[in-house]
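If you want the building blocks of each chain, they are given just below.
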Amino acid sequence: MRAAAFTELVGPDGVDVIDRPDPAPEPGEAVVDVDACAINRHDLWILEGDSAMVDADDLPFVTGLDVAGTVREVGPDVARLDAGDRVVLCPNETCGVCRFCREGPENRCENFSLYHGGLAEQARVTADRLVPLPDGVDATTAAALPTAYMTAYRMLERAEVDAGDTVFVPGATGGVGVATVQLCDVLGLESVGTSRSAAKLDRVREVGLDHGIESADIDEISESVDEPVDAVINHLGGEFSELGQSVLRRGGRMVVCGRTAGNTSTFDVADLFLGHKQIIGSTMGTQPDLERLVEFVADGAFSPVIDETYPLEETGAAFAAMQDGESVGKLVVEP
Ligand SMILES: NC(=O)c1ccc[n+]([C@@H]2O[C@H](COP(=O)([O-])OP(=O)(O)OC[C@H]3O[C@@H](n4cnc5c(N)ncnc54)[C@H](OP(=O)(O)O)[C@@H]3O)[C@@H](O)[C@H]2O)c1
Ligand SMILES: [Zn+2]
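Residues numbered from 1 in each chain as written. Chains lettered and ligands numbered in written order. Predicted model: local features only at pLDDT ≥ 70, side-chain atom pairs only at ≥ 80, totals over all residues.

Some words on the domain arrangement of the protein chain
Inclusion rule: Segmentation of the chain into domains, including their bounds, is taken from an automatic or database domain assignment. We call two residues in contact whenever the C-beta atoms placed from their backbones are within 7 Å. Each residue receives one of three labels: charged for Asp, Glu, Lys and Arg, nonpolar for Ala, Val, Leu, Ile, Met, Phe, Trp, Tyr, Cys and Pro, and polar for the others, Gly being one of them.
Entries for the protein chain in the domain assignment read domain 1 (2–144 + 305–334) and domain 2 (149–281). Computed over C-alpha atoms only, the centres of domain 1 and domain 2 are separated by 27 Å. On the domain 2 side, the residues contacting the seven residues of domain 1 number nine residues. Residues that form the side of domain 1 that touches domain 2 fall into these classes: two nonpolar, three polar and two charged.

Let's talk about the sheet that holds strand 14 (residues 248–256)
Spelled out, the test is: One requirement defines pairing of two strands: DSSP has to find at least two bridges between them. Numbering of helices and strands runs from the N terminus, with a helix taken as a DSSP run of H or I at least four residues long and a strand as a DSSP run of E at least two residues long. Axis definition: a line fitted to C-alpha atoms, limited for helices to the stretch in contact. Angles are taken between N-to-C directions and run from 0 to 180 degrees.
One open sheet holds the six strands; their spatial order is 12-11-10-13-14-15, and the pairing between them is parallel. For this open sheet the edge positions go to strand 12 (211–214) and strand 15 (278–281), each flanked by a neighbour on one side alone. Looking at each pair of strands side by side, their axes are set apart by 20° on average, direction ignored. Pairing between strand 13 (residues 229–234) and strand 14: five bridges, direction parallel.

Some points on the pairing of strand 3 (residues 29–39)
Definition in use: Exposure is read from a count of other C-beta atoms within 10 Å of each residue's own; the residue is exposed at 12 or fewer, buried at 20 or more and partly exposed in between. C-beta atoms are placed from the backbone.
Strand 3 sits mainly inside the fold: 10 of its 11 residues count as buried. Across five bridges, the pairing between strand 3 and strand 8 (residues 122–126) is antiparallel. Across the sheet, residue valine 31 finds its bridge partner in strand 8, namely arginine 124. Bridge analysis of strand 3 against strand 4 (residues 66–74) gives eight bridges, and the strand direction is antiparallel. When the bridges of strand 4 are listed, alanine 36 appears paired with alanine 68. Direction of pairing for strand 3 relative to strand 17 (residues 330–334): antiparallel, over a ladder of three bridges. Bridge assignment links cysteine 37 to a residue of strand 17, and that residue is valine 333.

Considerations on the packing of helix 4 (residues 145–158) against helix 5 (residues 175–187)
We apply this condition: Roughly parallel means an angle under 35 degrees; roughly antiparallel, over 145; roughly perpendicular, 65 to 115; everything else is oblique. With the far helix as reference, a near helix turned anticlockwise by less than a right angle produces a left-handed crossing, and one turned clockwise produces a right-handed crossing.
Relative to each other, helix 4 and helix 5 sit at 55°, their axes nearing to 8 Å. Of the possible angle classes, the one that applies to helix 4 and helix 5 is oblique. As for how helix 4 packs across helix 5, the hand of that crossing is right-handed. Facing helix 4, whose interface residues are Ala148, Tyr149, Thr151, Ala152, Tyr153 and Leu156, helix 5 presents Gly175, Val176, Ala179, Thr180, Leu183 and Leu187.

Looking at the UniProt feature "domain: Enoyl reductase (ER)" (unreviewed entry) in the protein chain
Worth spelling out the cut-off: UniProt positions are given in the numbering used here, feature names are shortened, and annotations may be inferred rather than shown by experiment.
Under the feature "domain: Enoyl reductase (ER)" (unreviewed entry), the UniProt entry names residues 11–333. End C-alpha to end C-alpha, residues 11–333 measures 17 Å, and it is 30% helix and 26% strand.

Focus: the nonpolar core
The line we're drawing: Structurally, a nonpolar core is described as a collection of buried Ala, Val, Leu, Ile, Met, Phe, Trp, Tyr and Cys residues joined by way of C-beta atoms within 7 Å.
Judged by nonpolar contacts, the single largest core of 94 residues is most densely connected at Ala143, Ala152 and Ile233. Two domains each provide a minimum of three residues to this core, namely domain 1 (2–144 + 305–334) and domain 2 (149–281).

Overview of the packing of helix 4 against helix 10 (residues 287–298)
Where helix 4 contacts helix 10, the axes come no closer than 9 Å and their chain directions differ by 105°. What the angle tells us is that helix 4 and helix 10 run roughly perpendicular. On helix 10, the residues that touch Leu145, Pro146, Tyr149, Met150, Tyr153 and Arg154 of helix 4 are Asp289, Leu290, Leu293 and Val294. Its residues assigned to classes, the contact of helix 4 with helix 10 comprises eight nonpolar, no polar and two charged.

What follows is the structure, encoded as structure tokens:
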């Protein structure tokens, strides 16, 4: 089979299509013919050499978390799936025995890791991590859901928002940002989002953004947020955490999942305790979250925003588009 592999950790030029032996499922596993695999900023960090997870010794490395496709073959003991089933993968890898695996939520597993390997014609995965796809949810749509939408959905849960609440989303035009905006719309929440691009904000307005602020300047954005917000969904980190804290109402919650704008933030301690605010870390979501999202899509509650699809040979171009920052929503490779 063919796979789009990282052969050098130098950015988009380091992606090459290579041949790999066809995988065979071991007990508990399934092999999926990959129809679509979305890419994430997480993969780009790896490709740029900015992830502790992969170094030169691991090359060639095939990434790709968000796999959707058709089951090709199942391992000897796998009963709940058959060849031909249409599925999407929950990329969570958990130990199954720690306190969080037993009591939930599973995304807090003490040994949590993520599946990598979807940017290929076939993917060998844990069969129990496959979520069946209803008719009407195609593979490309499904592949957009796992990482970005699961993460956004779980962050909104952690923010304990109620219908009518206002949610601030700095960086509202990328994977997690657009997912948050769309889920706010589904859940009856008012969204305030930012972008450096007026054109991109216009596109996000079309899928439910209530208030757009065209700026990346912290002071300018702060002045443009009219009322303190109930929650902040923060995937940017850096100085956007200070911004988020400053626009949060008394007792509000800021949930953080990323560090695109910087791995270090400072916070105003007195404002935190006098304002009864909370800053909460969150990573990914649970498989039931993904099942819920698939149901939402099947019911027509929303359809994930896919900016562009690429054949496997153009995986490098997909990463170049993510790096250029011109896209809105998800970029999906169709091997
Ligand atoms: N912990 C988890 O489980 C988890 C899961 C998913 C993602 N993440 C993290 O969340 C972040 C977003 O991931 P993603 O896949 O959604 O990325 P993405 O699609 O590349 O996000 C693009 C968004 O980020 C904004 N942005 C990028 N660089 C910026 C900068 N320097 N200053 C201000 N805004 C900037 C863009 O704003 P413009 O509109 O202005 O271009 C755009 O809205 C990443 O850090 C990722 O690692 C974490
Ligand atoms: Zn565990």
